[in-house]
Amino acid sequence: MAKDEIQRTYRLIGTRPDRPDGLDKVTGRARYGADVSAPGMLHGAVLRSPHAHARILRIDASKALALPGVKAVVTRADFPTGLTGEDWNLQENTIAGEVALYDGHAVAAVAATSRLIAQDALRLIAVDYEILPHVTDVDAAMRPDAPAIRPGAADHSVPEGLHPNVVKYIDFGHGDLEAGFAAADLVREQSYTTEATHQGYIEPHACLGQLGADGKGEMWVCTQGHWYIRRMAAAVLGIEAAQLRVTPSEIGGGFGGKTTIFIEPLALALSRKAGGRPVKMVMSRAEVFRATGPTASAAMKVRIGMKKDGTLTAGQAEFRMQGGAFPGAPVSSALYCAFASYAIPAVAHVGYDVLTNRPKCAAYRAPGSPMAAFAVESLIDEMCRELGLDPLEVRLKNAVREGTKSSYGPTYGPIGLVQSLQAAQAHPNLSVPLGPNQGRGVAAGFWFNHGGETSVSLAIGEDGTVTVSVGTPDIGGSRASIALMTAETLGIAYENVRVNVVETGALGVNEPTHGSRATFASGKAAVIAARHAIAEMCRRAAAAWGIDPEAVDWQDGAAVPAGPNAGKFPPMPIAEIAARMGSTGGPISGHHEVTAGGVGASFGVHVVDVEVDPETGRTTVLRYLVVQDAGRAIHPAYVEGQYQGGAAQGIGWALNEEYIHDAEGRLLNPVFLDYRVPVASDLPMIDTVIVEVPNPGHPYGVRGVGETGITPPLPALANAIAAATGARLRSLPMSPPKVLAAIRAQRGG
Amino acid sequence: MTRIHVTATVNGDPVEFLADPRETLLDCLRDHLGLTGSKEGCGTGDCGACSVQMDGVLVCSCLVLGVEAEGRSIDTIEGMATGGDLHPLQRKFIEHAALQCGFCTPGILVAARALLDQNPDPTEQEVRYWLAGNLCRCTGYDKIIRAVMDAAAELRGAA
Ligand code: FES
Ligand code: FES
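Residues numbered from 1 in each chain as written. Chains lettered and ligands numbered in written order. Predicted model: local features only at pLDDT ≥ 70, side-chain atom pairs only at ≥ 80, totals over all residues. Heavy atoms only, no water.

K.L.:
Just give me the short version of the overall build of chain B, but keep the residues and values in it.
P.N.:
Of regular secondary structure, chain B possesses five helices and five strands. Sequence-ordered secondary structure for chain B, helices as α and strands as β, is β-β-α-β-β-β-α-α-α-α. The C-alpha atoms of chain B give a radius of gyration of 16 Å, which matches the 15 Å a tight globule of 159 residues would have. Buried positions account for 57% of the 159 residues belonging to chain B. Summarising the internal contacts of chain B: among those between residues at least 6 apart in sequence, 55% fall at separations of at least 24. Of the accessible surface of chain B, which amounts to about 6000 Å², a share of 51% is contributed by carbon and sulfur atoms. For chain B, the separation between the mean place of its 13 positive charges and that of its 22 negative charges on side chains is 7 Å. (Helix = DSSP H or I, 4+ residues; strand = E, 2+ residues; numbered from the N terminus. Rg over C-alpha atoms; globule rule 2.2 N^0.38 Å. Buried < 20%, exposed > 50% of the residue type's maximum accessible area, 1.4 Å probe, protein only. Contact = heavy atoms within 4.5 Å. Areas by Shrake-Rupley, 256 points an atom, 1.4 Å probe, with all protein chains shown as cover. Lys, Arg positive; Asp, Glu negative; His and termini not counted. Charge placed at Lys NZ, Arg CZ, Asp CG, Glu CD.)

K.L.:
Quick one: what's the story with the sheet that holds strand β15 (residues 346-354) of chain A, residue by residue and with numbers?
P.N.:
Residues and elements named next belong to chain A. Taking strand neighbours across the sheet as the criterion, the five strands line up as β7-β15-β14-β13-β8 in an open arrangement whose pairing is mixed. Among the strands making up the open sheet, the edge pair consists of β7 (166-174) and β8 (186-194). With direction set aside, neighbouring strand axes in the sheet form an average angle of 5 degrees. Pairing geometry for strand β13 (residues 297-306) and strand β14 (residues 312-322), over 10 bridges, is antiparallel. Residue pairing in the sheet places Met306 in a bridge with Leu312 of β14. (Pairing = 2+ DSSP bridges. Axes fitted to C-alpha atoms, helices over the stretch in contact; angles between N-to-C directions.)

K.L.:
Lay out the domain arrangement of chain B with the relevant residues and their values.
P.N.:
Residues and elements named next belong to chain B. Domain annotation for chain B reports domain 1 (4-79) and domain 2 (88-156). The centre of domain 1, based on its C-alpha atoms, is set 21 Å off from the matching centre of domain 2. Across the contact, 16 residues belong to domain 1 and 14 residues belong to domain 2. Together, the buried faces of domain 1 and domain 2 total about 1100 Å²; carbon and sulfur atoms form 61% of this surface. Contact with domain 2 buries surface across domain 1, with Gln53, Leu58 and Ile77 losing the most and accounting together for 41% of the total. The interface formed by domain 1 and domain 2 includes zero salt bridges. For the interface between domain 1 and domain 2, the tally reads five residue pairs in polar contact (both at pLDDT 80 or more). Among the elements that make up the side of domain 1 that touches domain 2, the one with the highest residue count is strand β3 (residues 51-54) (three residues). (Domains from an automatic or database assignment. Buried area = accessible area lost by both parts, 1.4 Å probe. Salt bridge = Lys/Arg side-chain N within 4 Å of Asp/Glu carboxyl O. Polar contact = N/O pair within 3.5 Å; in protein donor to acceptor, adjacent residues only side chain to side chain.)

K.L.:
Describe in detail the interface of chain B and chain A, supporting the description with residues and values.
P.N.:
Interfaces are often sized by the amount of accessible area the parts lose when they come together. Residue-level contacts link 46 residues of chain B with 53 residues of chain A. A buried area of about 4100 Å², summed over both sides, lies between chain B and chain A, and 58% of it is on carbon and sulfur atoms. Together, Ile94(B), Gln100(B) and Arg137(B) form the three largest contributors to the area buried by chain B at its contact with chain A, with a combined 21%. On inspection of chain B and its partner chain A, the count reaches seven salt bridges. For the pair chain B and chain A, the interface holds 26 residue pairs in polar contact (both at pLDDT 80 or more). Residue assignment for the side of chain B that touches chain A shows that the elements contributing at least two residues are α1 (25-32), α2 (88-95), α3 (105-118), α4 (124-130) and α5 (142-158) of chain B.

K.L.:
Go over the packing of aromatic side chains, please, and point to the residues and values.
P.N.:
All names here are of chain A. Going through the model one piece at a time under the given rule, you end up with 20 aromatic pairs over all chains. Aromatic side chains Tyr364 and Trp653 sit 5.5 Å apart centroid to centroid with 10 degrees between the ring planes, which places their arrangement in the stacked category. With a gap of 289 residues between them, Tyr364 in the loop between β15 and α12 (369-387) and Trp653 in helix α18 (residues 636-655) connect regions that are remote in the sequence. The residues Tyr364 and Trp653 share a single accessibility class, namely buried. For the pair Phe446 and Phe448, a centre-to-centre distance of 5.0 Å together with 80 degrees between the ring planes defines the contact as edge-to-face. (Phe/Tyr/Trp six-rings, centres within 6.5 Å; stacked < 30°, edge-to-face > 60°.)

K.L.:
Lay out the pattern of salt bridges with the relevant residues and their values.
P.N.:
Under the criterion given, the structure shown has 55 salt bridges over all chains. Of the charged contacts, one joins Glu92(A) and Arg76(A) as a salt bridge, the two residues approaching to 2.6 Å between their closest N and O atoms. Remark: Arg76(A) occurs in the loop between β3 (70-74) and α4 (85-94) and Glu92(A) occurs in helix α4; sequence separation between them is 16 residues. A salt bridge links Glu640(A) to Lys143(B), with the nearest nitrogen and oxygen atoms 2.6 Å apart. Here Lys143(B) lies in helix α5 and Glu640(A) lies in helix α18, a pairing that spans two chains. Of the two residues, Glu640(A) and Lys143(B), neither departs from the other in class, the shared state being buried. One continuous salt-bridge network, built from bridges that share partners, spans Arg19(A), Asp21(A), Lys25(A), Glu250(A), Asp474(A) and Arg479(A).

K.L.:
Give a description of the side chain of Glu382(A) that names residues and reports values.
P.N.:
Note that Glu382(A) resides in helix α12. When sequence neighbours within four positions are dropped, the list of residues in contact with Glu382(A) reads Gln190(A), Tyr192(A), Arg728(A) and Arg730(A).

K.L.:
Lay out unusual backbone geometry with the relevant residues and their values.
P.N.:
Here the residue pair Leu732(A) and Pro733(A) is connected by a cis peptide bond, since its omega of -5 degrees sits within 30 degrees of zero. If you trace the backbone, Pro733(A) turns up in the loop between α19 (713-725) and α20 (736-748). Even without a glycine there, the phi angle at Phe255(A) is positive, about 55 degrees. In this fold, Phe255(A) is placed in the loop between β11 (244-248) and α9 (264-273). Residue class for Phe255(A) comes out buried when judged on its relative accessible area of 12%. Located in the positive-phi region is Asn11(B), a residue other than glycine, with phi close to 50 degrees. Examined against the element boundaries, Asn11(B) turns out to sit in the loop between β1 (4-10) and β2 (13-19). You can call Asn11(B) partly exposed: its relative accessible area is 22%.

K.L.:
Give me the lowdown on the domain arrangement of chain A, citing residues and values where you can.
P.N.:
Residues and elements named next belong to chain A. The domain boundaries assigned to chain A delineate domain 1 (3-30 + 451-596) and domain 2 (368-449 + 600-746). Summarising the inter-unit geometry, the C-alpha centres of domain 1 and domain 2 are found 37 Å apart. Facing the 27 residues of domain 1 at the interface are 24 residues of domain 2. At the boundary of domain 1 with domain 2, total buried surface from both sides reaches about 2000 Å², with 59% on carbon and sulfur atoms. At the boundary of domain 1 with domain 2, the tally comes to one salt bridge. Note that Arg16 is salt-bridged to Glu640, the shortest N-O span being 2.6 Å. Here domain 1 is connected to domain 2 by eight residue pairs in polar contact (both at pLDDT 80 or more). Residue assignment for the side of domain 1 that touches domain 2 shows that the elements contributing at least two residues are α1 (3-7), α15 (478-490) and α16 (518-545). Looking at the side of domain 1 that touches domain 2 residue by residue, the class counts come to 10 nonpolar, 10 polar and seven charged. (Nonpolar A, V, L, I, M, F, W, Y, C, P; charged D, E, K, R; others polar.)

Right, dumping it as structure tokens:
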């Protein structure tokens, strides 16, 4: 680690100014997906399948269309045919074709002059179904007697003889596995399961779409990525992407779940059918749970070899995941993450992506990594206990560092796992004594992070203030971090930079705010755009001074002669250059577009103390510590916020959250009362330590920080519960009845 | 269905609107009065994003019918700042970075104000239990709790 870089101080980076959109958001003024209306607007509603798997024999909407106020009904017949690959999957998920594939699958949609009339109209649409056998469990879906959900959906990776529900097979590794296990003093193998959980953003999906007969349209939508919405909706509707102008609203949380389409093409199709009137669609919470998100569920088998001193010698993982009725469960990324934290001589991975009658899974914060961590970090903990070793020491001993070849192939650059483990060891939480029924659990976590397609523009205003246009919606303070980096680069005040999230017509293609990339990629592009603007401002100053542009430097927000030989001129501040730019060559701006490389992975270590009530099995989180490498924390408060939010979601996944289906495959808990996410009284303060091992791939050293934090809580909680009770839970969630049963089984056995 | 004429006071101003008897107070605030600061996260009383005060009592406006507002006084997030001055809770939320996406924020601010109105010196645990009906999926609550405690301290100091 370059110490001088770590210690380098900046004027603005690392400070905690008020976020630019704070005022709008504390006054209720900020406009989210459902907050906007348009003249002549209609309201849309969706009819959804009540069956987990059923052939659609007939849809009769005549009664609905006869209801006064109803302007349009659409079914799959209103969409183009002949789509292939993921476009077909998206269309099929938007609205069912011949078969409804899960409880909640859209079957028809209606637009009417009011929301209530639209709801009434849904009840007047008659659908005849032929109920088909269904399957919702991943292992059941692989058994020979399981109904084939979509024969022919498998890709070429799947070996002969597997059930047609297996649509992708993954197999990779390196090293001599047999020799690795032979070198171990202890070899253990265990199986684990995790249930599907939902991203649980508090804002339901909402959009306002308009599409004319000429194929030109507009959309206002809450999304993590409006270019993705544009491309996907255009493909599903058979229109040209450039004719669709998509403006992102403020977004009430996404966590990966708002990177794809659900109701958006329906709003546009309804609008087109209703003579181009705008159509607003807002999902109910039950629709969000039944038809969007969730993450995959997983069944996992892990085998690990360890020496007496804690050295890991071999690791083997088999993960089976279902991501609903479509290919796309995050099996590959789960396997890539499984052993990513450790230097192990031999690893082998096998994965199965399996179809079931559940909603199409969407990305959820570090997709796949939390499940993988639950299995691997639980087993490592169990083996440490068996050998009487300290779990943090064992992790340090095996931790990957700069130059280690990762379990999934690439060799790591500078990374901060060792530093994070050391910071965790040094934290005061580690020396708090524990009482009866209390236990401490630790776990590490990993996420790759992502760069992605990025386009940013920056314009100097007439008064020397600066507008930055980015294409990554601000979900957790990225306007603030991008403004800080831009102001730092330009040498001007933070307040003099305004960062706008702009619509699809204003920039080149931007990937969504996903992969923890907004501050990394849009920030990096904004810094480079600022440098372009600086170069132009230096040229203008050089022209005014009559010297060579090479002889001009940029310092503290002003052009200055580069040295004594350049001549003696007073600094020319940005405001002065800006005031005269019209007569010195025209507007000054900077632009940068790139598929951003130089991503730095982020490792984290969590330590949790719990108390388990032996009478009820309820787990109380007493203390929680997140240590994670941020590369460089641009706005530390929002970095801490990512750590704390990720931990809270992971705690919910570990202890409570799960999709529960009845025997007919219907989701039993599509409301927050029954799908219980952590509330304020469930949690303690969440302590954070920001480790900073700068990422050389970013001008200020940034790594993405959004995702890693959801990964360690699952195993950390399992490890803490095992420490508190002696009972090892290998199936999530670790809800009170399951913990109680495990405690009783342990006592009995 | 026949709409019903409703007269009420919202944030101190007289208002009237026509409510379908099936519409919630939240629907009426958002769709008839243009007050979209109160949010719908669930519509079932589970998330608190729609929190408002009705005659001083904290309610989920998604669980109140619009017609029930007749003759009542409603306070929403839009009325929390007085003129250009933010309520200390609003200021502290910005200062402590107590919001990420901000969707839960209006409801939490309204609920927290109702707490501080009746308990100016709450413990951390009291704040946590009072806000247990307000879901935030982004923050893990840590900074929210700190902001509320800090605002309470400031309000006590000012009193
Ligand atoms: S919208 Fe009223 S409690 Fe959730
Ligand atoms: S800040 Fe996003 S839900 Fe609370």
